[in-house]
Every structure is written in structure tokens, then in C-alpha cells.
Amino acid sequence: MKILVTGGTGYIGSHTVVELQQAGYDAVIIDNLNNSRIEVLDSIEKITGIRPEFEKFDLCDQPKVNAFFEKHNDVDAIIHFAAYKAVGESVEHPLMYYRNNLLSLINLLDAMKQCTVPYIVFSSSCTVYGQPADLPVREDSPVQPAESPYGNTKQICEEILRDTIKSTDKIKSIALRYFNPIGAHESALIGELPLGIPNNLVPFITQTAAGIREQLSVFGDDYDTSDGSAIRDFIHVVDLAKAHVVAVDRLLKGKNKTSYEVFNLGTGTGYSVLETIRTFEKVTGEKLNYKIVGRRAGDIEKIWADTSYANDELGWKTQRSLADALLTSWNWEKHYRGLK
Ligand code: WQD
């Protein structure tokens with residue numbers, strides 16, 4: 001079985017390609033390398049012994065998308081990661097986010113209808129919930145006005161999927177709403193590698209500990225939480241990747257109950273930013289240089305997942321802890337920077 005992984009040289013995509021290959025699937029990657037490096041293919045090959053097929057182009061280029069499916073007419077399912085995903089950046093550059101994240105999905109769905117590729121797993125996000133009124137947040141918790149253009153693109157993409165699936169019996173889909181992906185593969189050969197200044201917390205932590213960044217800024221300690229810093233549900237990227245194999249398997253084996261399913265992918269436990277910093281210091285022995293500053297535009301106060309539906313229906317549950325994830329992030333950072 002061949003699975004197309006869009007954004008497959010990216011952070012979550014590359015970890016998912018490894019898990020797909022180790023589960024016996026063939027993987028072909030489309031990536032425009034805007035936010036990832038071609039050398040990730042070498043790392044995947046080092047881990048699994050299999051070099052995934054790779055095509056470099058932008059999914060916003062519809063003729064290239066159609067040409068891809070003419071060439072690769074044996075794709076059995078798609079896992080669609082390719083999107084911009086930084087909350088803060090989307091507040092500064094909304095049009096870049098709407099164009100890229102919406103048009104790439106629309107082009108893919110168009111091609112699926114024409115080339116009869118029946119299944120797509122969509123990389124969605126807990127940001128669709130905005131700031132939930134009740135926690136933990138469930139899949140049927142109200143989708144609220146997004147707090148950022150990034151979150152809004154995910155909401156709109158889910159609606160595009162839902163409406164497209166209603167219009168045809170040719171496409172079935174599972175949307176996976178990620179909480180906060182962190183960590184790296186145990187080999188330290190792949191991991192999160194933001195190009196430029198990291199938007200996300202954990203790569204900023206590891207780059208500060210590695211001396212690449214002077215100091216971490218903690219965005220706000222005046223939230224209504226135990227220590228005043230915001231709370232997130234940090235999920236190990238390998239647990240997340242394994243969930244994608246389960247989801248694509250579910251579609252290929254016709255185990256999906258409806259033509260469009262949505263699952264929360266989190267650990268079910270929230271940790272504050274300051275707790276995360278303390279856990280990093282504890283598991284690595286590194287003292288982190290940070291300061292408290294004002295809140296960041298677009299941030300919500302607290303969120304963590306109700307994972308019961310994914311646990312029961314998918315038979316999937318996270319196996320790795322916050323400490324495991326932070327240690328693998330640090331090992332990856334040290335390996336990538338050639339540090340001991
Ligand atoms: C986490 C917390 C910041 C950086 C992410 C992804 C998004 C989506 C949801 C998957 C916040 C604080 C951060 C820093 C800080 N995931 N922070 N200093 O905003 O929750 O969104 O998860 O789709 O794609 O971006 O993640 O890591 O940016 O922030 O204090 O330098 O850490 O304020 O409270 P976020 P994040």
C-alpha cells in the first residue's frame with residue numbers, strides 16, 4: 001500500500017513516514033521545502049533503511065498536483081500535513097496562512113475526486129476549539145471563533161473537508177486534532193527544526209539550552225492557572241505519528257463508522273509553561289535562562305484533551321511522558337548542533 005505524505009520532510013510528517021514504513025507501508029512525500037530540509041530523507045533512510053520517494057513542489061500549484069497523481073496513480077491514501085502552523089506568525093501574516101493552508105487542501109481534494117484516491121487523513125489542531133469553556137475538551141466541544149488565523153484555517157479546512165465529503169461518496173476522511181506536538185525520534189536523527197527563530201516553546205527551550213538563543217521569554221504569568229503561566233497538552237511526536245498509522249489503517253480497512261471522523265490527539269494531561277521548563281531542567285540537568293514577559297497575541301490560557309474517544313475508538317493511547325519528550329528534544333538538539 002502506498003501512502004502520500006504531504007509535508008513529509010517536516011517535523012510531524014517525517015516521524016509519520018518512519019512509522020508508516022516500519023508498519024509496512026510505502027511512503028511518497030510531497031514537500032516544497034519552505035520549512036524543512038531535503039536531508040531529512042537521508043535521516044529517514046538511516047532509521048528505516050528505506051528512502052521514501054520524494055517530489056518537491058508546492059501544493060498551491062494545481063497543475064503540479066494533478067501531474068503528480070497522473071504519475072503516481074497507485075496512491076491508496078493521503079496524510080496531509082503540509083501547512084503553516086505557527087500561531088504567533090499567523091497573526092502577523094494572515095493572508096499567507098489563508099492562501100497556503102486552504103488552497104493546498106482544495107487542490108488535493110480536487111485531484112482526489114478526479115483520480116479516485118478515496119482516503120485522506122487531515123492534520124487538524126486543537127486550536128479549532130479556541131479557549132474551551134469546559135476542560136478537558138472533547139471532540140463534540142463547541143468549535144469557537146479561532147483566536148488566530150492559523151486556528152481559523154484549520155476550522156475552515158475541516159468545513160471544506162466536511163462539505164466535500166457530503167458532495168461525493170468517493171472520499172472518506174479522518175481529521176486528527178493535535179494538541180502540542182513536542183519531542184523527537186529516539187535515534188536523535190529527526191526532530192523539530194524550525195528555520196529561523198522558533199515560534200514554538202520547546203524548540204526555543206532547547207535552542208536556549210544549546211546557547212543558540214540568549215534567553216527564553218515566557219509569554220505571561222498572569223493567567224488563571226496554578227503558577228500563572230499558560231497550560232498546554234504536550235504530546236510526544238512519536239505517539240502522534242503512530243496515531244496516523246492507526247487512522248490510515250482504519251480507513252483502508254473500512255473500519256471508519258462515518259465518512260468523516262474527528263479525533264483529539266493529546267495525552268489528557270495539561271502542563272504549564274513553567275512546569276515544562278522545570279521538567280526540562282530536571283531531566284537534562286541544564287539550567288534554563290528565561291524571563292517572564294507579556295502575553296503573546298493569539299494565545300489561549302489553557303487547554304488539554306479528553307482522549308477517551310480516541311483511546312476507545314482508535315485503540316490508541318499515548319505511551320510517552322512529558323519528560324520522555326523533553327529529553328528526546330534535547331538529544332535531538334545536541335545531535336543536530338554537534339554538541340556532546
Ligand atoms: C505553547 C505555550 C506560549 C514560545 C501549537 C502549535 C499549533 C498547534 C497548537 C498543532 C504558549 C508559550 C511559546 C515561547 C512561550 N498544534 N511560549 N515562549 O501556541 O499552543 O500552538 O500547538 O497543530 O500548530 O503552534 O504552541 O509552543 O507556540 O506555545 O512562553 O518562546 O508556550 O505562550 O502558552 P501553541 P507554542
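Residues numbered from 1 in each chain as written. Predicted model: local features only at pLDDT ≥ 70, side-chain atom pairs only at ≥ 80, totals over all residues. Heavy atoms only, no water.

## A closer look at the nonpolar core
Here is the rule we go by: Buried Ala, Val, Leu, Ile, Met, Phe, Trp, Tyr and Cys residues that are joined via side-chain atoms within 4.5 Å together make up what is termed a nonpolar core. Think of it in three bands: residues with accessible area under 20% of the maximum for their type are buried, residues over 50% are exposed, and the middle band is partly exposed, with areas taken using a 1.4 Å probe on protein chains only. Comment: elements are numbered from the N terminus, with helices defined as DSSP H or I runs of at least four residues and strands as E runs of at least two. A contact between two residues is defined here by any heavy atoms of the two lying within 4.5 Å.
Counting residues in hydrophobic clusters, the biggest one holds 58 residues, and the most contacted among them are Ile3, Leu20, Leu176, Ile182, Val248, Leu265 and Ile277. The biggest single contributor to this core is helix 8 (residues 237–252), with 9 residues. Among residues more than four places away in sequence, those in contact with Leu20 are Ile3, Val5, Tyr25, Ile79, Val245 and Val248. Counting 27 residues, the second largest nonpolar core, distinct from the first, contains Ile30, Phe57, Leu109 and Leu161.

## Side note on empty space enclosed by the protein
For the record, the criterion: Only protein atoms enter the 1 Å grid, on which a cavity is a set of points fitting a 1.4 Å probe that cannot get out and a pocket is an open set with protein on both sides within 12 Å along at least 5 of 7 lines, lining residues being those with an atom within 4 Å of a point. Grid points are joined across faces, edges and corners, and a volume is the space filled by probe spheres set on the points. Each residue gets one of three labels, nonpolar for Ala, Val, Leu, Ile, Met, Phe, Trp, Tyr, Cys and Pro, charged for Asp, Glu, Lys and Arg, and polar for the others, Gly among them.
If you walk through the whole model with that rule in mind, you get 1 cavity of 30 Å³ or more. Taken together, Gly183, Glu192, Val202, Pro203, Thr206, Ser329, Trp332 and Glu333 form the lining of the largest cavity. Of the residues assigned to the lining of the largest cavity, the class counts are 3 nonpolar, 3 polar and 2 charged.

## Side note on the environment of Ile160
Tracing the backbone through its elements, the reader meets Ile160 in helix 6 (residues 149–167). Each residue touching Ile160, except ones within four places of it in the same chain, is listed here: Leu102, Leu105, Ile106 and Leu109.

## A closer look at helix 11 (residues 322–337)
Going by this rule: A helix is expected to span 1.5 Å multiplied by its residue count minus one. Whenever a nitrogen or oxygen atom comes within 3.5 Å of another N or O atom, the pair is scored as a polar contact, on the condition that within protein one atom can donate a hydrogen and the other can accept it, and that pairs from neighbouring residues in sequence are kept only if both atoms are in side chains.
If you check helix 11, its first and last C-alpha atoms are 23 Å apart, about what 16 residues at 1.5 Å a residue would give, namely 22 Å. Three or more residues of helix 11 are buried, namely Leu322, Ala325, Leu326, Thr328, Ser329, Trp330, Trp332, Glu333 and Lys334. In this structure, the buried residues of helix 11 make contact with strand 7 (180–182), helix 7 (201–209), strand 10 (234–236), strand 12 (271–272) and helix 9 (273–284). For helix 11, the N-terminal capping position is held by Ser321, with its side-chain oxygen 3.4 Å away from the main-chain nitrogen of Ala323. Trailing helix 11 by a residue or two, Gly338 shows a phi angle of about 70°, which is positive.

## Observations regarding the site of the ligand
Selection rule: We define proximity as follows: a residue is near a molecule or strand when any one of its heavy atoms falls within 4 Å of that partner.
If you check the shell around the ligand, you find 20 residues, and the closest are Tyr150, Leu201, Ser217, Arg232 and Asp299. Note that an oxygen atom of the ligand is positioned 2.6 Å from one of the side-chain N or O atoms of Tyr150. Within the backbone of Ser217, one N or O atom sits 2.8 Å away from a nitrogen atom of the ligand. Mapped onto the shell around the ligand, the elements with two or more residues apiece are strand 7, helix 7 and strand 8 (216–219). With 4 residues, strand 8 is the largest single contributor of residues to the shell around the ligand. Residue composition of the shell around the ligand, grouped by class: 11 nonpolar, 5 polar and 4 charged.

## Brief notes about the packing of aromatic side chains
Our working rule: Any two of the Phe, Tyr and Trp rings considered here, Trp counted by its six-membered ring, make a pair once their centres fall within 6.5 Å; the pair's planes then place it as stacked at under 30 degrees, edge-to-face at over 60, or tilted in between. Charge over a ring is defined by NZ of Lys or CZ of Arg lying within 6 Å of the ring centre and within 35 degrees of the ring normal.
Per the counting criterion, the structure on display carries 6 aromatic pairs. Ring centres of Tyr84 and Tyr97 lie 5.5 Å apart, and the angle between their planes is 55°; this geometry places the pair in the tilted category. Taken together, the positions of Tyr84 in the loop between strand 4 (75–80) and helix 4 (87–92) and Tyr97 in helix 5 (residues 94–115) put the pair 13 residues apart, joining distant regions of the chain. With respect to burial, Tyr84 and Tyr97 carry one shared label: buried. Here Phe280 and Trp330 contribute two aromatic rings whose centre-to-centre distance is 5.8 Å and whose plane-to-plane angle is 80°, an arrangement assigned as edge-to-face. Remark: Trp330 occurs in helix 11 and Phe280 occurs in helix 9; sequence separation between them is 50 residues. In this structure, Phe280 and Trp330 share a single accessibility class: buried. Members of the aromatic cluster, joined through ring pairs, are Phe57, Phe68 and Phe69. Taking NZ or CZ as reference, Arg295 lies 4.0 Å from the ring centre of Tyr223, over its face.

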